[in-house]
Amino acid sequence: MSELICQRILLKLSGESLMGEGDFGIDPRVLTRMAEEIRDIVALGVQVGLVIGGGNIFRGAGLARSGINRVSGDHMGMLATVMNSLAMQDALTKLGVGARVMSALPMEQVCDTYTPRGAVRHLDDGEVVIMAAGTGNPFFTTDSAASLRAIEIRAGLMIKATKVNGVYSSDPVEHSEAEFYPRLSFDRALSEGLQVMDATAIVLCRENRMPLRVMNINETGALMRLMRGEDVGSLLDNGD
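Here's a quick rundown of the structure. (Residues numbered from 1 in each chain as written. Predicted model: local features only at pLDDT ≥ 70, side-chain atom pairs only at ≥ 80, totals over all residues. Heavy atoms only, no water.)

It is worth spelling out the environment of T115 at this point. For T115, the location among the structural elements is in the loop between β4 (112-113) and α4 (116-124). Residues T115 and R154, 39 residues apart in the sequence, show an inter-C-alpha distance of 13 Å. Among the polar contacts made by the side chain of T115, one reaches the main-chain amide nitrogen of G118 at a distance of 3.0 Å. (Helix = DSSP H or I, 4+ residues; strand = E, 2+ residues; numbered from the N terminus. Polar contact = N/O pair within 3.5 Å; in protein donor to acceptor, adjacent residues only side chain to side chain.)

This is how it looks when you write it as structure tokens:
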């Protein structure tokens, strides 16, 4: 383990990352590729906790804007994360990787109910633990859920996998002059309003000294290089 940057990580994937080039749902090829990336770092001995968003199926805040009650919309979004988590569990299992879905909303016929102690036990047993249904509460994003879970399982690093190479001063897709930040503090991310994660998620990381790495999940092998110590993406920390 001496060559790895840490033994246990929390990896946050957006639901949209599973769509590939589609407009909705899950692209099986993308799902398999991401599962292979996870398999490869598990083979090194890395313990992986995983949180997947549900934006490829339902997004509670968007549903609320269309007139659906926000609480109902958020519960629908939580169920979408369970669907994505079950898909990832299946993809990992097919690759010979032990995987377990644990939901913040009890649904015993579908998956286990999440508890921090249970999650840590399964991580220690070498399973990928996929933590679904957000925090189990409305008005909290899956980014906030990922920060909370990273803290609860005592991860050494939280990784937010996105479609860009890290953190920029503005959207690099729309602004070619956007400045890339290889490292910055949580305070700076908050004060400049950088769209890294929502404020609650960033504050949770800051207050619990949970380092956050933002990287491009579409770059094949980037996750492996990061775990081996390469400077991939952007690092956010307390700035000590």
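Having seen the structure, we can now continue with the description.
Applying the stated criterion to the full structure yields one aromatic pair. Its end group placed over the ring of Y114, R149 keeps NZ or CZ at 3.9 Å from the ring centre. Taking the ring centre of Y181 as reference, the NZ or CZ of R188 above it sits at 4.5 Å. (Phe/Tyr/Trp six-rings, centres within 6.5 Å; stacked < 30°, edge-to-face > 60°. Lys NZ or Arg CZ within 6 Å of the ring centre and 35° of its normal.)

With that settled, the discussion passes to the pattern of salt bridges. Within this structure, the stated rule accounts for 18 salt bridges. For R225, the salt bridge is made with E219, and the minimal N-O distance between the two is 2.3 Å. Given the relative accessible area of 24%, R225 is considered partly exposed. Of the charged contacts in the structure, one is a salt bridge between R225 and E230, with a shortest N-O distance of 3.5 Å. On the accessibility criterion, E230 (43% relative accessible area) is partly exposed. A single network of salt bridges, built from pairs that share partners, joins K12, D143 and K160. (Salt bridge = Lys/Arg side-chain N within 4 Å of Asp/Glu carboxyl O. Buried < 20%, exposed > 50% of the residue type's maximum accessible area, 1.4 Å probe, protein only.)

With that settled, the discussion passes to the sheet that holds strand β5 (residues 128-132). The pairing of strands in a sheet comes from backbone hydrogen bonds and takes either a parallel or an antiparallel form. Ordered by their spatial adjacency, nine strands build an open sheet running β4-β3-β5-β2-β1-β6-β10-β11-β9, and the pairing between neighbours is mixed. What marks the edges here is a single partner per strand, and that holds for β4 and β9 (183-185). Two strands pair when backbone bridges link them, and strand β10 (residues 212-216) and strand β11 (residues 234-237) are joined in this way by three bridges, in the antiparallel orientation. When the sheet's bridge partners are listed, R213 is paired in β11 with L235. (Pairing = 2+ DSSP bridges.)

For the rest of this paragraph, the subject is the nonpolar core. Judged by nonpolar contacts, the single largest core of 43 residues is most densely connected at I9, M88 and V128. Going through the elements one at a time, β1 (8-13), α1 (28-43), β2 (47-52), α3 (70-94), β3 (99-103), β5, β6 (157-162) and α8 (222-227) are the ones with two or more residues in this core. Of the residues forming this core, the biggest block, seven residues, is contributed by α1. Sequence-distant contacts of I9, defined by excluding residues within four places in its chain, comprise I41, V46, Q47, V48, G49, I153, A155, L157, I159 and M227. Formed by 29 residues, the second largest nonpolar core is a distinct cluster that contains Y114, L184, A189 and C205. (Core = buried A, V, L, I, M, F, W, Y, C linked by side-chain atoms within 4.5 Å. Contact = heavy atoms within 4.5 Å.)

Next up on the list: the state of the cysteines. Within the structure shown, the criterion is met by zero disulfides. With no disulfide of its own, C6 has C205 as its nearest cysteine by sulfur position, at a separation of 13 Å. Taking relative accessible area as the criterion, C205 reaches 0% and is therefore assigned buried. (Disulfide = S-S within 2.5 Å.)

Here the focus is the side chain of H122. Mapped onto the secondary structure, H122 falls in helix α4. On the basis of relative accessibility, which here comes to 10%, the residue H122 falls in the buried class. Engagement of the side chain of H122 in a polar contact is seen with the side chain of R100, the distance being 3.4 Å. Residues contacting H122, with those up to four places away along its chain left out, are R100, M102, D112, E127 and V129.

This brings us to unusual backbone geometry. Residues other than glycine seldom take positive phi values, yet F139 does so here, at roughly 75°. Relative to the helices and strands, F139 is located in the loop between β5 and α5 (142-152). For R209, which is not glycine, the phi torsion reads 50° and is therefore positive. Relative to the assigned elements, R209 resides in the loop between α7 (199-207) and β10. A relative accessible area of 52% places R209 in the exposed class.

In contact at an axis separation of 9 Å, α1 and α3 are set at 60° when each is read in the N-to-C sense. Here the hand of the crossing between α1 and α3 comes out right-handed. Residues L31, M34, A35 and I38 of α1 pack against A87, M88, A91 and L92 of α3. (Axes fitted to C-alpha atoms, helices over the stretch in contact; angles between N-to-C directions. Left-handed = near helix turned anticlockwise from the far one by under 90°.)

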